[in-house]
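Chains, contacts and geometry: an overview
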Amino acid sequence: MSENNDLLNKIISNLEYQKQVFGDNYYSEKVEIPIREISTENSEKIEEPVEVEVPVPAFSIQEEEMPKKSTIDTDWKNSKELNVLYDKIHNCLECELGQTRNEFVFGSGNPNADLLIIGEAPGADEDKQGLPFVGRAGQLLTKIIEAINFTRDDVYIANIIKCRPPNNRRPKTDEVEKCEPYLQKQIELIDPKFILALGKTAIDTLLKKDHTMRDIRGEFIDYNGRKLMVTYHPAALLRNPNWKRPVWEDVKKLRAAYDEIVGKE
């Protein structure tokens, strides 16, 4: 009897352990357990294998959602047109922002524009629609553009990075390093004569050093043979309307220089 009790106790112990790990959901399957010389009450010996019901936990391990994998075309640097570049890079997941974005915000406008406008990063509205500057700041930018006799179809609008940072935080250094090469390829393909950088992040990224807006705003800077100007980001104007006047002066100066150069061609 003691050997029978030992076996029973082992089964019970095993079941209790499995219940702790896997819960109450079990199924049973038949398992052959060879038992030799187990005494019975009549002192008979069982020499044949005995089939017993051994509960086996019925459970399924849910696979953890695997991070999405980047599927950029490694040949993207050889793209000859913007739409080809977009096709090659819009599934980029090279930084953590690719895992949290809804839409890859490539840019929009005239692919042959003489004026390229560069902001910092997409916001919530841009992340939903996949287009740059469509929220409140974007609506203000549209008004600024129209005030100097441009439309959004006349210019090209893009950002330093293509995916929205969580809570609209400032892009991290590694995120900029991963994404700015795409912007540089866009600049190469568009080949604008003028670039208007919006805000400190944009100008610091393009020129690779820190600036104060007070010292650099509204001045033309040579940028690889192009005229580069920085002014306040439209989002900053929503927070501080007093900056609207300086921005108006900046964009008028930009338009005059644009007419002087482009108008002669």
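Heads up: these notes are all about the structure in this document. (Residues numbered from 1 in each chain as written. Predicted model: local features only at pLDDT ≥ 70, side-chain atom pairs only at ≥ 80, totals over all residues. Heavy atoms only, no water.)

A few words on the sheet that holds strand 5 (residues 108-109). With respect to topology, 6 strands assemble into an open sheet ordered 5-7-6-8-10-9, the strand pairing being mixed. Here the strands that pair on one side only, and so sit at the sheet edges, are strand 5 and strand 9 (221-223). As judged from the 4 bridges shared by strand 6 (residues 115-119) and strand 8 (residues 194-198), these two strands associate in the parallel manner. Across the sheet, the residue bridging to I118 is A197, located in strand 8. (Pairing = 2+ DSSP bridges. Helix = DSSP H or I, 4+ residues; strand = E, 2+ residues; numbered from the N terminus.)

Here we come to unusual backbone geometry. Even without glycine at this site, N149 takes up a positive phi of about 65°. Summarising the element assignment, N149 is placed in the loop between helix 5 (136-147) and strand 7 (156-159).

Scanning all chains against the criterion turns up 6 aromatic pairs. Ring geometry for F150 versus Y258: centroids 5.0 Å apart, planes at 90°, classification edge-to-face. Of this pair, F150 sits in the loop between helix 5 and strand 7 while Y258 is found in helix 10 (residues 244-262), placing the two residues 108 residues apart along the sequence. Both residues of the pair, F150 and Y258, count as buried. With 5.7 Å between their ring centres and 45° between their planes, F194 and Y258 make a pair best called tilted. Here the residue F194 occupies a position in strand 8, and Y258 occupies one in helix 10, the gap between them amounting to 64 residues. Of the two residues, F194 and Y258, both sit in the buried class. Each member of the aromatic cluster is reached from another via a ring pair, and the members are F150, F194, F220 and Y258. In this structure, K162 is placed above the aromatic ring of F106, and the distance from its NZ or CZ to the ring centre is 5.8 Å. Lying across the ring of F150, R255 places its NZ or CZ 4.1 Å from the centre. (Phe/Tyr/Trp six-rings, centres within 6.5 Å; stacked < 30°, edge-to-face > 60°. Buried < 20%, exposed > 50% of the residue type's maximum accessible area, 1.4 Å probe, protein only. Lys NZ or Arg CZ within 6 Å of the ring centre and 35° of its normal.)

In a regular helix each residue adds 1.5 Å, so 19 residues correspond to 27 Å; helix 10 covers 26 Å between its end C-alpha atoms and thus fits that length. Listing the buried residues of helix 10 in full gives P246, V247, D250, V251, L254, R255, A257, Y258 and V262. Residues of helix 10 that are buried make contact with strand 6, helix 5, strand 8, strand 10 (226-231) and helix 9 (234-239). (Expected span 1.5 Å × (residues − 1). Contact = heavy atoms within 4.5 Å.)

So, about the pattern of salt bridges. Should the charged atoms of two oppositely charged side chains come close, the side chains can pair. Applying the stated criterion across every chain, the model contains 16 salt bridges. In this structure, R169 engages E96 in a salt bridge whose closest nitrogen and oxygen atoms are separated by 3.2 Å. With R169 in the loop between strand 7 and helix 6 (173-190) and E96 in the loop between helix 2 (82-89) and helix 3 (97-100), this pair connects stretches of sequence that are 73 residues apart. Note that R255 is salt-bridged to D259, the shortest N-O span being 2.9 Å. With R255 and D259 both in helix 10 and 4 residues apart, the pair spans about one turn of that helix. Under the relative-accessibility criterion, D259 is labelled partly exposed at 37%. What you see here is one network of salt bridges that share partners, running through E96, R169, K172 and E175. (Salt bridge = Lys/Arg side-chain N within 4 Å of Asp/Glu carboxyl O.)

So, about the side chain of D204. Structurally, the position occupied by D204 is in helix 7 (residues 200-207). Exposure remark for D204: the relative accessible area of 12% places this residue in the buried category. Within polar-contact distance, the side chain of D204 engages the side chain of H211 at 2.8 Å. The contacts of D204, once residues within four sequence positions are left out, are K209, D210 and H211. (Polar contact = N/O pair within 3.5 Å; in protein donor to acceptor, adjacent residues only side chain to side chain.)

Before going further, it helps to examine the environment of Y258. Here Y258 falls in the buried class, since its relative accessible area comes to 12%. Residues Y258 and K193, 65 residues apart in the sequence, show an inter-C-alpha distance of 8.3 Å. For Y258, the residues in contact, after removing those within four places along its chain, are D114, L115, F150, F194 and G263.

It is worth spelling out the nonpolar core at this point. Formed by 58 residues in total, the largest nonpolar core has its most connected members in L115, I117, I118, Y156, I160, L196 and L206. Of all the elements, helix 6 adds the most residues to this core, at 7 residues. If we skip the residues at most four places from it in the chain, L196 touches L115, L116, I117, I118, M229, T231, V251 and L254. (Core = buried A, V, L, I, M, F, W, Y, C linked by side-chain atoms within 4.5 Å.)

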